Amino acid sequence: MGLDRRAFLGLVAGGTVGAMFTPIPWKLIDDASIWTQNWPWIPRVPKGQVDYVATTSKLCPAGEGLKIMRVAGNPILAGGNPSHPLSCGGVSALARSEVYMLYSPARIKSPMKRNGKTFAPITWEQALVEMAEKLGAAKGAVASISGDNTGTINEVLTALTAKLGSAGSFMMPSEATTAAKAMKLMGAQGQAGYDFENADTVLVLGADIFETWGTSSRNRKAFGANRPAGAKPANTYVYVGPSRNNTAAVCDQWVPAAAADLGVVALGIAWHLLKAGATSNAPGFDTFKAVVNGGFGPEDVKRATGVAPETLAAIAKALASAKAPLVVTGSPFGQGLGAAPVIAGMSLNMLLGRINKPGGVYMLPELPSVVPGALTRAAMLDGDLPAFLKGVESGKTPAPKALLIYDANPAYGLPEAATMAKALEKIPFKVSFSSFMDETAALCDLVLPNSLPLERYDDVATPYGSGFCVYSLVRPIQKPICDTKTTGDVLLGLARKLSIDLKFDNFQQVIKEKVASLAKVSGGFVAKDVMPWQVAAGKPAPALVGGDLWKALEAGYAWTMVGQAAQTAMGFAAEVVAKAVKAGKPATATVLAPYAQLRTGTPVTGMPCQDLTTVPDTELLGDTTFIRVNSETAKTLGLKKGQMVKLSGAGVDCQAKVHIFESVMPGMVSAPLGFGHTAFDYYSQGKGANYLSLAAVVEEPGSGLSMWIAPEVKIA
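Numbering of residues begins from 1 in every chain and follows the order in which that chain's sequence is written. The model is predicted, so local features are restricted to residues of pLDDT at least 70 and side-chain atom pairs to those at 80 or more, both for listing and for counting; the totals for chains, interfaces and linings are taken over all residues. Hydrogens and water are ignored here; the side-chain numbers use all heavy atoms of the structure.

Comments concerning the overall build of the protein
Line of reasoning, step 1. Secondary structure is summarised from DSSP: a helix means a run of H or I of at least four residues, a strand means a run of E of at least two, and numbering begins at the N terminus for each. A count of helices and strands for the protein gives 22 helices and 29 strands.
Line of reasoning, step 2. Computed over the C-alpha atoms, the radius of gyration of the protein is 28 Å, within 12% of the 27 Å expected from 2.2 N^0.38 for a compact globule of 716 residues.
Line of reasoning, step 3. With the C-alpha coordinates aligned to their principal axes, the bounding extent of the protein is approximately 115 × 70 × 55 Å.
Line of reasoning, step 4. Whether two residues are in contact is decided by their heavy atoms: any pair within 4.5 Å suffices. Here the analysis covers contacts within the protein between residues at least 6 apart in sequence; of these, 73% occur between residues at least 24 apart.
Line of reasoning, step 5. For the protein, the exposed surface amounts to about 28400 Å²; the carbon and sulfur share of it is 56%.
Line of reasoning, step 6. Counted as positive: Lys and Arg. Counted as negative: Asp and Glu, with His and the chain ends omitted from the count. To locate a charge, the coordinates of NZ of Lys, CZ of Arg, CG of Asp or CD of Glu are taken. Side chains of the protein give 65 positive and 56 negative charges; the mean places of these two sets differ by 2 Å. It is over C-alpha atoms that the radius of gyration is taken, and the globule rule equals 2.2 Å times the number of residues to the power 0.38. Residue burial considers only the protein chains on display, and all accessible areas are found by Shrake-Rupley using a 1.4 Å probe.

Below you can see the structure in the form of structure tokens.
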């Protein structure tokens, strides 16, 4: 029997209608839906009591206070703490990640020991026995590296290293290390702190103050508080740097200048101030004046930097006529700047009479140390880690027999990363206290995971850039999710095994002793109803009620002090400036101008997974990162939009696509940092290139400091 068209359509229609009225397919769909909803790997929305607890971010170098939202005791969200002076309710992309990192499947879940090319889990007791044996044999040649600029953990680490016979204790290079070197050369005491809240005219030389430099969340709040929407701004900001970055984009004026020329611009402004009669009684003034007048006149600076004489004259006039001017100097990407530009910028503050004045620069005293034998922060910042590792790699510096690495990733976060990795390979025994298997941990013999900040006691003491002394508490708000331990406890346990007396049995005792010592410091108070910048402006500081400080810190308030270190010998360090700052001919080669963002991590940590979704397609597309050049540079180099190119420098090649972006100076190649990981986690690994590896390290004349502020690159 044949099947004609009419019969076929009737059969299909009838089958469809029949299927709709039978319950079988609907029951199957319902069963499948219920079954897939109960897959065990699908995240569940927690149910239970909602509460908020306070702590402080350690992931973000800005030291923000946080409010953590919990449901049934489980942390689920991090926000800024309105009561904390370094947050004022603001939170960075990195600080917001404190909760998300807690649940990362990439966390190291237990102590690990190298077994050939892989790692195998071991117990904490086995790890302590192994460390005690190897470090005991390495006595006299043990070094340490820390990536934590603000924690009391450094006291435990450096005291233990010293007892074992130190071959050097180092910080990862940052704005703080450069500034500390500059202040030492100037004969200054204390850490430079910047009072943005009370300044009315701010000149920013290079420093990306609203993104990665110093206390960036607090800097943004101070900026916004004086510039309410719809009202006339109460202050003026001028930015000088190689690109219109996040800071320059909101300033009143952007003055294009290469990062290598920041010192020249500063001395060019000094020329105008001196001509207008600025003077100083500080040591070295006469020599400084002679240096400036001898080579940094308006035409000298224009020839070297391209900055017009009238631009410099206008900036100098604005600074000189302001009631509370402030000059801030730093690297556009948070590291690599020499000491001389910082000295030149600080010299402007001295000519303007802005040292230890409201709205100026406060030289902040270091907080009391509590661990016997520990290095001071100033002593740690004085170490030059890139120079040390380059010396080890070349054989000019004896390699330590053992290295302890805390919260640091030198195999990724330093310039000439390949050289640094080779240096690490020469050290026979290495221990990493990382929470993730980063590039450095992957080179180590033992990896002992630190509990994350929401799982441990820790602290934050006066981050670089803060305009006042500040101390806040990091406290555990839940038990460790994995088999991790607080590194402070591990180090103190190791000391006991080695019969070394560091005074304390556990790290919580160290923190409590620190807080007790702060309660005795004259002038200290809890920032609650009165903030430190109000005290700097003349408001009386409230009294600190004895015995309540620990409770106040646990509640999320911060201890603060508007103190200042007495200056008896702070001078201009003119001999350093004369050797290192030159108004020479402009660079003819293509110069790399990196930029950093907290959403792509730091030299210490990788990119938080949720922040990957905020990276624009003009920065990362697929697994390829973009460099930025303006149309003039693109024409000169023969580059086109979207073209794949190879950048070469320091013996390393990196791939990139070209993005035409007019907010970059001619001759500059702007490149994002934070990409190009070969380790850490799924979200960081294999995404783009690490352009910091293209930067060659050179020694700054006059200071001897390692610097990599404006490396030349080739593009093909």
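Some remarks on the sheet that holds strand β5 (residues 118-121)
Line of reasoning, step 1. Criterion used throughout: strands pair if DSSP finds at least two bridges between them. The sheet built from seven strands is open, its strands ordered β5-β4-β16-β15-β14-β6-β7 with mixed pairing. What marks the edges here is a single partner per strand, and that holds for β5 and β7 (166-171).
Line of reasoning, step 2. The pairing of strand β15 (residues 429-432) with strand β16 (residues 446-447) spans two bridges and is parallel. By the bridge assignment for β16, Ser432 is matched with Val447.
Line of reasoning, step 3. Only C-alpha atoms enter the line fits that serve as axes; for helices the fit covers just the stretch in contact. Angles between N-to-C directions range over 0 to 180 degrees. Set on the sheet, helix α4 (residues 124-137) makes contact with β4 (112-115), β6 (142-146), β14 (402-406), β15 and β16; between it and β15 the angle comes to about 140°.

Side note on the domain arrangement of the protein
Line of reasoning, step 1. Domain boundaries assigned for the protein yield domain 1 (50-103), domain 2 (197-322 + 339-353) and domain 3 (587-715).
Line of reasoning, step 2. Delimitation of the domains relies on an automatic or database domain assignment. Between the C-alpha centres of domain 1 and domain 2 the distance comes to 34 Å.
Line of reasoning, step 3. Across the boundary between the two partners, domain 1 contributes eleven residues, which contact seven residues of domain 2.
Line of reasoning, step 4. By buried area we mean how much accessible surface two parts lose on assembly, using a 1.4 Å probe and totalling the loss over both. Of the roughly 540 Å² buried between domain 1 and domain 2, counting both surfaces, carbon and sulfur atoms make up 60%.
Line of reasoning, step 5. For salt bridges, the criterion is a side-chain nitrogen of Lys or Arg within 4 Å of an Asp or Glu carboxyl oxygen. Counting across the domain 1 and domain 2 interface gives zero salt bridges.

Quick word on the packing of aromatic side chains
Line of reasoning, step 1. The pairing test for Phe, Tyr and Trp rings, Trp by its six-membered ring, is centres within 6.5 Å, and the orientation test on the planes gives stacked under 30 degrees, edge-to-face over 60, and tilted for anything in between. Scanning all chains against the criterion turns up 14 aromatic pairs.
Line of reasoning, step 2. Aromatic pair Phe468 and Trp533: ring centres 5.9 Å apart, planes at 50°, arrangement tilted. Here Trp533 lies in helix α19 (residues 532-536) and Phe468 lies in the loop between β17 (458-461) and β18 (469-474), a separation of 65 residues in the sequence.
Line of reasoning, step 3. Across from the ring centre of Tyr682, 5.2 Å away, lies the NZ or CZ of Lys687, which sits over that ring. Geometrically, a lysine NZ or arginine CZ counts as sitting over a ring once it is within 6 Å of the ring centre and also within 35 degrees of the ring normal.

Section: empty space enclosed by the protein
A probe matching the size of a water molecule, rolled over the atoms, marks out where space remains unfilled.
Line of reasoning, step 1. In this analysis, the protein atoms alone were mapped onto a 1 Å grid. Cavities are point sets where a 1.4 Å probe fits without being able to get out; pockets are open sets with protein on both sides within 12 Å along at least five of seven lines; lining residues have an atom within 4 Å of a point. Grid points are joined across faces, edges and corners, and a volume is the space filled by probe spheres set on the points. Counting across every chain of the model gives five cavities of 30 Å³ or more.
Line of reasoning, step 2. There is about 130 Å³ of room inside the second largest cavity.
Line of reasoning, step 3. Looking at the second largest cavity, it is lined by 17 residues, and the ones nearest its centre are Pro173, Thr177, Asp384, Leu705 and Trp708.
Line of reasoning, step 4. Residue assignment for the lining of the second largest cavity shows that the elements contributing at least two residues are α6 (175-185) and α14 (385-394).
Line of reasoning, step 5. The element best represented in the lining of the second largest cavity is α6, accounting for three residues.
Line of reasoning, step 6. Polarity classes work like this: nonpolar for Ala, Val, Leu, Ile, Met, Phe, Trp, Tyr, Cys and Pro, charged for Asp, Glu, Lys and Arg, and polar for all others, with Gly in that last group. Taken together, the residues of the lining of the second largest cavity break down into eight nonpolar, seven polar and two charged.

Thoughts on the side chain of Thr487
Line of reasoning, step 1. With respect to the helices, strands and loops of the structure, Thr487 is situated in helix α17 (residues 487-497).
Line of reasoning, step 2. The contact partners of Thr487, leaving out residues within four places of it in the chain, are Ile153, Tyr406, Phe433 and Asn450.

Examining the sheet that holds strand β19 (residues 525-527)
Line of reasoning, step 1. One open sheet holds the four strands; their spatial order is β17-β18-β20-β19, and the pairing between them is antiparallel. Lying at the two open borders of the sheet, with one neighbouring strand each, are β17 and β19. The average angle at which neighbouring strand axes cross in this sheet is 30°, direction not considered.
Line of reasoning, step 2. Packed onto the sheet, helix α18 (residues 507-518) meets β17, β18 and β20 (558-561) and runs at close to 150° relative to β18.

Thoughts on the side chain of Asn235
Line of reasoning, step 1. Locating Asn235 in the fold gives a position in the loop between α7 (216-225) and β10 (236-241).
Line of reasoning, step 2. Taking the relative accessible area as the measure of exposure, Asn235 reaches 3% and is therefore buried.
Line of reasoning, step 3. The contacts of Asn235, once residues within four sequence positions are left out, are Ala199, Asp200, Asn226, Arg227 and Asp252. Type-normalised accessible area, obtained with a 1.4 Å probe on protein chains alone, sets the label of each residue: buried when under 20%, exposed when over 50%, and partly exposed for intermediate values.

A closer look at the UniProt feature "domain: Molybdopterin oxidoreductase" (unreviewed entry) in the protein
Line of reasoning, step 1. UniProt positions are given in the numbering used here, feature names are shortened, and annotations may be inferred rather than shown by experiment. This chain's UniProt record puts "domain: Molybdopterin oxidoreductase" (unreviewed entry) on residues 107-457.
Line of reasoning, step 2. Secondary structure across residues 107-457 divides into 38% helix and 17% strand, with the first and last C-alpha atoms of the span separated by 19 Å.

Here we look at the UniProt feature "domain: Molybdopterin dinucleotide-binding" (unreviewed entry) in the protein
Line of reasoning, step 1. In the numbering adopted here, UniProt assigns the feature "domain: Molybdopterin dinucleotide-binding" (unreviewed entry) to residues 623-693.
Line of reasoning, step 2. Between the C-alpha atoms that bound residues 623-693 there is a distance of 18 Å. The span itself is 10% helix and 37% strand.

A closer look at the nonpolar core
Line of reasoning, step 1. One finds Tyr194, Phe196, Leu203 and Ile269 to be the most contacted residues of the largest nonpolar core, which totals 110 residues.
Line of reasoning, step 2. Broken down by element, this core gets its largest block of residues, ten residues, from helix α8 (residues 262-275).
Line of reasoning, step 3. In this structure, this core is formed jointly by two domains, domain 2 (197-322 + 339-353) and domain 3 (587-715), each of which donates at least three residues.
Line of reasoning, step 4. If sequence neighbours within four positions are ignored, Phe196 has contacts with Val202, Ile209, Trp213, Arg218, Asn219, Ala222, Asn226, Tyr237, Leu326 and Val328.
Line of reasoning, step 5. Counting 56 residues, the second-largest nonpolar core is a separate cluster that includes Phe429, Leu498, Leu502 and Met561. Note on terminology: a nonpolar core comprises buried Ala, Val, Leu, Ile, Met, Phe, Trp, Tyr and Cys residues joined through side-chain atoms within 4.5 Å.

Re unusual backbone geometry
Line of reasoning, step 1. In this structure, Asp407 takes a positive phi of about 50° despite not being glycine.
Line of reasoning, step 2. Asp407 gets classed as partly exposed once you look at its relative accessible area, which sits at 29%.
Line of reasoning, step 3. Residues other than glycine seldom take positive phi values, yet Ala573 does so here, at roughly 45°.
Line of reasoning, step 4. By secondary structure assignment, the location of Ala573 is in the loop between β20 and α21 (574-580).
Line of reasoning, step 5. For Ala573, a relative accessible area of 7% puts it in the buried group.

Details of the pattern of salt bridges
Line of reasoning, step 1. The final tally for this structure, using the stated rule, is 18 salt bridges.
Line of reasoning, step 2. Linking Arg96 and Asp611 is a salt bridge whose minimum nitrogen-to-oxygen distance equals 3.1 Å. Of the two residues, Arg96 sits in the loop between β3 (74-80) and α3 (98-102) while Asp611 sits in the loop between β21 (591-595) and β22 (620-621), which places them 515 residues apart along the sequence.
Line of reasoning, step 3. Taking relative accessible area as the criterion, Arg96 reaches 28% and is therefore assigned partly exposed.
Line of reasoning, step 4. The salt bridge involving Glu125 is made with Lys497; its shortest N-O contact spans 3.0 Å. Note that Glu125 is positioned in helix α4 and Lys497 in helix α17, a separation of 372 residues in sequence.
Line of reasoning, step 5. Given a relative accessible area of 44%, Glu125 falls into the partly exposed group.
Line of reasoning, step 6. One connected set of salt bridges, linked through shared partners, spans Lys58, Asp148, Arg456 and Asp458.

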